Amino acid sequence: MTDLSAIVAGPDTEDLTGELEALDVAVTRIEGAVNGTTLADAGIDDAALFVLTDMAEATGIAVAKERNPDVRAVAYAAETLPEYAKGQTDLAVDPELLSAAVVADELVAGA
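Residues numbered from 1 in each chain as written. Predicted model: local features only at pLDDT ≥ 70, side-chain atom pairs only at ≥ 80, totals over all residues. Heavy atoms only, no water.

### As for the nonpolar core
Ile-44, Phe-50 and Leu-52 are the most contacted members of the largest nonpolar core, which totals 20 residues. Of all elements in the fold, only β1 (5-9), α2 (36-42), β3 (49-52), α3 (59-67) and β4 (72-76) reach the threshold of two or more residues within this core. Beyond its immediate chain neighbours, meaning those up to four positions away, Leu-52 contacts Ala-9, Val-34, Glu-57, Ala-58, Ile-61, Val-74, Ala-75 and Tyr-76. In this structure, Val-8, Val-51, Ala-104 and Leu-107 belong to the second largest nonpolar core, which totals 16 residues. (Core = buried A, V, L, I, M, F, W, Y, C linked by side-chain atoms within 4.5 Å. Buried < 20%, exposed > 50% of the residue type's maximum accessible area, 1.4 Å probe, protein only. Helix = DSSP H or I, 4+ residues; strand = E, 2+ residues; numbered from the N terminus. Contact = heavy atoms within 4.5 Å.)

Listed below in structure tokens is the structure:
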């Protein structure tokens, strides 16, 4: 059993949420805009992981890191991470290269 909490923001077509929950990670989802309000409502202040699947919302990485500098920011999308977000992203993974199950295992093992 783990005490990890995660926020998954954006569409979750690969079911990373389900894979994280299978590893006893408490996951909160954000659908739509990723901003200070939605991140606060999702519990960013106490989250260990912030996973973004919608690169159009990449500014959410900076907001998440500002609110919780210790959160591990992960981009899990086939789209390229915008240049401005790369410096604050801890890990970027293409779902076509690694399955959600493998990513979930690695995120939990690395926490």
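The discussion continues.
### Structural notes on the environment of Glu-31
On the secondary structure map, Glu-31 appears in the loop between β2 (26-30) and α2. Along the sequence, Glu-31 and Gly-10 sit 21 residues apart, while their C-alpha atoms lie 5.5 Å from each other.

### Some points on α3
Residues Gly-60, Ile-61, Ala-64 and Lys-65 constitute the buried set of α3. In a view along the axis of α3, the buried residues occupy a sector of 135°, so they form one face of it. As for α3, its buried residues are in contact with α2, β3, β4 and α4 (83-86). (Arc of directions from axis to C-beta.)

### Quick look at the sheet that holds β1
In spatial order, the strands read β2-β1-β3-β4-β5; together these 5 strands make up an open sheet with parallel pairing. Every interior strand has two partners, whereas the edge strands, β2 and β5 (91-93), have only one. Here the average twist between neighbouring strands, direction ignored, is 20°. Sheet topology places β3 next to β4; 4 bridges connect them, and they run parallel. (Pairing = 2+ DSSP bridges. Axes fitted to C-alpha atoms, helices over the stretch in contact; angles between N-to-C directions.)

### With respect to the pairing of β4
Judged by how many residues are buried, β4 sits mostly within the fold: 4 of 5 residues are covered. As a crossover connection, the stretch from β3 through α3 into β4 is right-handed. As defined by bridge partners, β4 adjoins β5 across 3 bridges and the pair is classed as parallel. The residue bridging Ala-75 from the neighbouring strand is Ala-92, located in β5. (Right-handed = clockwise from strand over helix to strand, strands pointing away.)

### Quick notes on the side chain of Thr-53
By the element assignment, Thr-53 lies in the loop between β3 and α3. For Thr-53, a relative accessible area of 9% corresponds to the buried category. For Thr-53, the side chain forms a polar contact with the main-chain oxygen of Pro-11, separated by 2.5 Å. With residues up to four places along the chain from it excluded, the contact list for Thr-53 reads Val-8, Ala-9, Gly-10, Pro-11, Tyr-76, Ala-77 and Glu-79. (Polar contact = N/O pair within 3.5 Å; in protein donor to acceptor, adjacent residues only side chain to side chain.)

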